[in-house]
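# Structural characterization, general
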Amino acid sequence: MQIKGYSQENEGYMKDGNLVANFALDVVKIINGMDGKVQYQFRIYTDGNTYRVIVSPYELNKRRFLQKLPVLIKEEEAFYKKLRDTVLGRAFGEDEILYQTGKNGLQKVNGKWLYVCSNGYIDKEGFHAGICSGVEGAYIPQTAVADTKEEKKIIDSLFQVYNQNCEIFYPLFLINIMAITNAYFREIGEPNFMKITLWIDGASGSGKTELAKAAGTFVFSDSELNREFISVTGKRRDALKHLSQSSGSVYILDDVKCEPVRERRNSVKNIVDDCLRSVFQGQMTDSVGTDSKRVRIDSCAVITGEYLDTMESQNARMLYLKADGFLKGTKNSKALYVLQKNPIWLSKVCIGYIRWLLKRMEENSFPELLKEKLEGMREKMKYYAEMDNAERLNENRRMLEMAAIVTEMYFREIDMPGDFVVYFIHNVQRSIQDISDNTFYLLGGEKMVVLKTLKGILDKAKIREAYYEKQTGLILKFSNYRYKQEHFWINRNEDFVWIDDYKESLLEGSDDRCSQYDENPCLMIREERLRKLFTEEIQTFVKQGQISSSIADKVLANLLRILREMQIIYKQYRSDSKWGRPAINYPVYSCANICREYEENCWVSFEPVIQLNTWHPCIATLKDKMDNEEQQVVDVEGIEWRINEDRDEIYRVRKAFTNNKSLYRE
């Protein structure tokens, strides 16, 4: 830049043949698009180094803004005056004006949609200077803009890596697509759509942080291609400031753990809650670290670390990705290594998507196309029906599916091979199902399924109320029990047996009472029968599309554990297991015709039987049902009780059934 009254030579600025300043400089005018404020950016070249200084008009007029740099200036007052007059009187050309929007990401600038980053902007033609955000943390190298031929090769290379573990990599890729696109969905009337937080859970050393950096965000923090992330154990102000800068990209919050000190533990929970709520609402919920109380952000987030329960209202505003032991898999570690060696692959693919999206956004029919697809998904979706948080979780699933749909459109329109697209669709559906089910399971979905299943079972199952028939004469003397014990045994062909008072049912003919037994109603079922009823009912939910087959398999595989945790069944202590045994041996009989049709034999065996907690809310309602319905009495008269076990042993096993019973307590 020429300065009035001075000549510029190789050494610097000269006057009357004398060196006045040992540097050269140029200047760019910066206009802030948010408030119209003007600044000037000077680049100073001296001794082979380049320095950048941004000054306001006030600083240009009143301060010696170069004094902190290692430069020489003689006759400072005169030099600064001439420099100021030159800058203020300059007619800046188009290429000398830098327009700052004050926000990263997809946005309208002068009526035109652009993707703006820290160091420039992207339109459908490519990368340009002249407009930038003026906000740090979203650097995109110009080399990340590829032509179509290179773009297709990079996509193929990237997804060869992602296909090594689609359950892990695909959701991380899709969350980048969501972060890019969600500003446009706000524009077309879906302000909370495509805004989600993905939680990567895993033990220390599982690789979750490196995974988040390599696949979690496509922008860089600087020209050295470093990807920035904020530790949740740091200052809340820093975490919120970085979140406010993350529009159009993915915010990474790292290293969540249960801190031993209460103050630090509360700080971590507050920062996590800020992240979940701000991303979902699309605006900063706190002014800490920002210049405004209502800073709008169009971002998604990735949280890494051990899962912590958040505020109840936030639970379904996230998706849960279990990456524990990720690096232990050879394929996983190799895939991560390839991504780390090629950090620009993801950037190139996402920038290609941005350019495609900007072209489609110019089409008048594009918003209606997206709305139509979204409406179709919302009408058809039936997963997790009638479960807590089902609507939010289904909406999260729709977000991933919409991200997959627009990505598929992009791949098809740049002519990716048909088999590639088919494989992409297959893997993306698999990964979405997996992460949705994992989230559902994490948020207590397993218990919701069990409660709904048990309600269906109890509504349809046959429940026999055991009959108290007194023993008489010699039989009473022989058995010593006041009531016929056969009524309290379980028939192999029935579902449940209800005994109004287990203690009363075990009363002997003498005055001795069985004080160790519970007086509450007792509801019993064979373990094998309970599992069968659960399997049949849950498979009905699968056929109706309410849950997936993977959730059904998980629930059935862990059925007794879940029932114990929910205190729906009793356990019996044992020395080698903290859980105790959920099923205890009990007399089970079956009758069969032997010689003639009217002769029946009763065969008794001991099988694992489960006792349900009749005080549990989902079972307590049965009491009214049992009171209002006729008793289902099994007529034991006429049965020839050919017992294959000693009667005393049968009575002993039955008496031992409820010994030391208790509900599970964590």
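Keep in mind that what you see is a predicted model, and the values were worked out from it rather than measured.

Parameters and conventions
- Throughout this description, residue numbers start from 1 for each chain and increase along the sequence as written.
- A pLDDT threshold of at least 70 governs which residues receive local features in this predicted model, and a stricter bar of 80 or more applies before side-chain atom pairs are shown or counted, although totals over entire chains, interfaces and linings include all residues.
- Remark: hydrogens and water are excluded; side-chain values derive from all non-hydrogen atoms of the structure.
- Pairing of aromatic rings covers Phe, Tyr and the six-membered ring of Trp, with a centre-to-centre limit of 6.5 Å; geometry is then stacked below 30 degrees between planes, edge-to-face above 60, and tilted otherwise.
- Each helix is a run of DSSP H or I of at least 4 residues and each strand a run of E of at least 2, with the numbering of both proceeding from the N terminus.
- Throughout this description, buried means an accessible area under 20% of the type-specific maximum (1.4 Å probe, protein chains only), exposed means over 50%, and partly exposed covers the range between.
- Two conditions define a charge located above a ring, namely a distance within 6 Å from the ring centre to NZ of Lys or CZ of Arg, and an angle within 35 degrees of the ring normal.
- We treat two strands as partners when DSSP finds at least two bridges between them.
- Contacts were defined at the residue level, with two residues in contact if any of their heavy atoms lie within 4.5 Å.
- Angular values range over 0 to 180 degrees, each being the angle between N-to-C directions of two axes fitted as lines to C-alpha atoms, with helices fitted over their stretch in contact.
- An angle counts as roughly parallel when it lies under 35 degrees, as roughly antiparallel when it exceeds 145, as roughly perpendicular when it falls between 65 and 115, and as oblique in every other case.
- Take the far helix as the reference: if the near one is turned anticlockwise from it by less than a right angle, the crossing is left-handed, and if turned clockwise, right-handed.
- Here a polar contact is recorded for every N or O atom pair within 3.5 Å, except that within protein the pair must consist of a potential hydrogen donor and a potential acceptor, and residues adjacent in sequence are included only if both atoms are side-chain atoms.
- Salt bridges are defined by distance alone: a side-chain nitrogen of Lys or Arg within 4 Å of a carboxyl oxygen of Asp or Glu.

Further remarks concern the packing of aromatic side chains. One pass over the full model with this rule turns up 36 aromatic pairs. Here the aromatic rings of Y115 and F218 are separated by 6.1 Å at their centres, their planes lie at 50°, and the arrangement is tilted. Placement of Y115 in strand β9 (residues 112–117) and of F218 in the loop between α5 (208–215) and β14 (230–231) is noted, with a sequence separation of 103 residues between them. Accessibility expressed as a relative area gives 1% for F218, which makes it buried. Summarising the aromatic geometry, the rings of F159 and Y162 are spaced 5.2 Å apart at their centres and angled 80° between planes, so their arrangement reads as edge-to-face. Of the two residues, F159 and Y162 are both situated in helix α3 (residues 148–162); the distance of three residues between them amounts to about one turn of the helix. The class for Y162 is buried, based on a relative accessible area of 0%. Sitting over the ring of F541, K452 keeps its end group 5.0 Å from the ring centre. Above the ring of Y502, the side-chain terminus of R654 is found at 4.8 Å from the ring centroid.

Attention now moves to the pairing of strand β8 (residues 105–109). Both faces of the sheet carry side chains from a regular strand, because those side chains alternate between them. Taken across its five residues, β8 has four buried, putting it largely inside the fold. Pairing of β8 with β9 involves five bridges; the strand directions are antiparallel. Counterpart to V109 in the pairing with β9 is K112. Hairpin connection between β8 and β9: a loop of two residues separates the two successive antiparallel strands, and N110 in this loop has a positive phi of roughly 55°.

If you walk across this open sheet you meet the three strands as β1-β2-β3, and the pairing is antiparallel. Each of the sheet's edge strands pairs with one partner strand only, and the pair in question is β1 (7–8) and β3 (18–21). Two strands pair when backbone bridges link them, and strand β2 (residues 13–15) and β3 are joined in this way by three bridges, in the antiparallel orientation. Residue pairing for β3: K15 is matched across the bridge by N18.

By secondary structure assignment, the location of Q539 is in helix α16 (residues 527–544). For the pair Q539 and A552, spaced 13 residues apart in the sequence, the C-alpha separation amounts to 7.2 Å. In this structure, Q539 is in contact with A552 and L556, ignoring residues within four places of it in sequence.

Before going further, it helps to examine the packing of helix α4 (residues 166–187) against helix α9 (residues 344–361). For the pair α4 and α9, the least separation of the axes is 11 Å and the interaxial angle reads 30°. Taken together, the axis directions place α4 and α9 in an arrangement best described as roughly parallel. Of the two possible hands of crossing, α4 and α9 adopt the one that is right-handed. From α4, F173, N176, I177, I180, T181 and Y184 reach across to α9, where they touch L346, V349, C350, Y353, I354, L357 and M361.

Spatially, five strands are ordered β6-β5-β4-β7-β12 in an open sheet, and the strand pairing comes out mixed. For this open sheet the edge positions go to β6 (49–55) and β12 (131–132), each flanked by a neighbour on one side alone. The sheet contact formed by strand β5 (residues 38–46) and β6 spans seven bridges and is antiparallel. Note that in β6 the partner of Q41 across the bridge is I54.

With respect to the helices, strands and loops of the structure, S436 is situated in helix α12 (residues 418–442). Only 2.7 Å separates the side chain of S436 from the backbone oxygen of I432, close enough to count as a polar contact. Leave out the neighbours within four places in its chain, and S436 touches Y384, L393 and R397.

Attention now goes to the pattern of salt bridges. Within this structure, the stated rule accounts for 41 salt bridges. R378 is the salt-bridge partner of E395, the closest N and O atoms lying 2.5 Å from each other. One end of the pair, E395, is in helix α11 (residues 390–413); the other, R378, is in helix α10 (residues 366–380), and 17 residues separate them in sequence. Accessibility expressed as a relative area gives 17% for E395, which makes it buried. Its relative accessible area of 30% is what places R378 among the partly exposed residues.

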